[in-house]
Amino acid sequence: MVAGVLVAAATVTGGLTGFVLALPWLAAGRDGAAPGVVAGMLALAAVADIAATARGRPQPWAVRRQVPREWGRIFPPAGAALLYGARLGVGPLTILSTWLWWAAVVGAAGLGPGPSALVGAGFGMVRTLLMIAVAAGADVDMPGRMAAVRGADTAVAGIVAAAAAALAVAVVASG
């Protein structure tokens, strides 16, 4: 149940974030971003992510803070999962290690509130499901969990870059 609350909260806040970020485009009366522009943004994000894992890590804009551990002590497990998931769903409110969030959300915002909400919701859901999957086999202690997450960082960055490239191709093909 707690894992479900975590995933649901991240999915909802990610979707709301995407929706809200698209409202200025809608208010300005824009028809939407050109598919080529969105594909270019996704391709640049993939290149930036590859460069980040290969060298000195040009970091995307984010608060660079983890969710407060106190939440786990103050609130019951479902309440802590709700707050934790809500924060994870909004990429830059935690430690964001991929440029893809910025490219996908800004690009999707130009396509409209619906696509933008779907991109945000997808981000929140995938982020929490990956976190649960990576941490599931780790030791019970926090250092073991963090080591497992960091160990999967390079593989996940490669998967994310490949997904961004595939999405860029799909966007160009659909436009």
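Residues numbered from 1 in each chain as written. Predicted model: local features only at pLDDT ≥ 70, side-chain atom pairs only at ≥ 80, totals over all residues. Heavy atoms only, no water.

**Student:** Explanation requested: helix α6 (residues 113-136) in the structure shown.
**Tutor:** In an α-helix there are 3.6 residues to a turn, and that puts residues three or four apart on one side. With 24 residues, α6 extends 34 Å from end C-alpha to end C-alpha; this agrees with the ideal 34 Å at 1.5 Å per step. Within the span of α6, buried status applies to Pro113, Ser116, Ala117, Gly120, Ala121, Phe123, Gly124, Arg127 and Thr128. Where α6 is buried, its residues touch α1 (2-27), α4 (77-88) and α5 (100-111). (Helix = DSSP H or I, 4+ residues; strand = E, 2+ residues; numbered from the N terminus. Expected span 1.5 Å × (residues − 1). Buried < 20%, exposed > 50% of the residue type's maximum accessible area, 1.4 Å probe, protein only. Contact = heavy atoms within 4.5 Å.)

**Student:** Is there a simple way to think about the packing of α1 against α4 in this case?
**Tutor:** Two elements in contact, α1 and α4, have axes separated by 7 Å at closest approach and are oriented at 30 degrees. Comparing the axis directions of α1 and α4 gives the class roughly parallel. Here α1 and α4 pass one another in a crossing that is right-handed. Along the contact surface, α1 presents Val2, Val5, Leu6, Ala9, Ala10 and Thr13, while α4 presents Pro77, Ala78, Ala81, Leu82, Tyr84, Gly85, Ala86 and Leu88. Looking at the contact of α1 with α4 residue by residue, the class counts come to 12 nonpolar, 2 polar and no charged. (Axes fitted to C-alpha atoms, helices over the stretch in contact; angles between N-to-C directions. Parallel < 35°, antiparallel > 145°, perpendicular 65-115°, else oblique. Left-handed = near helix turned anticlockwise from the far one by under 90°. Nonpolar A, V, L, I, M, F, W, Y, C, P; charged D, E, K, R; others polar.)

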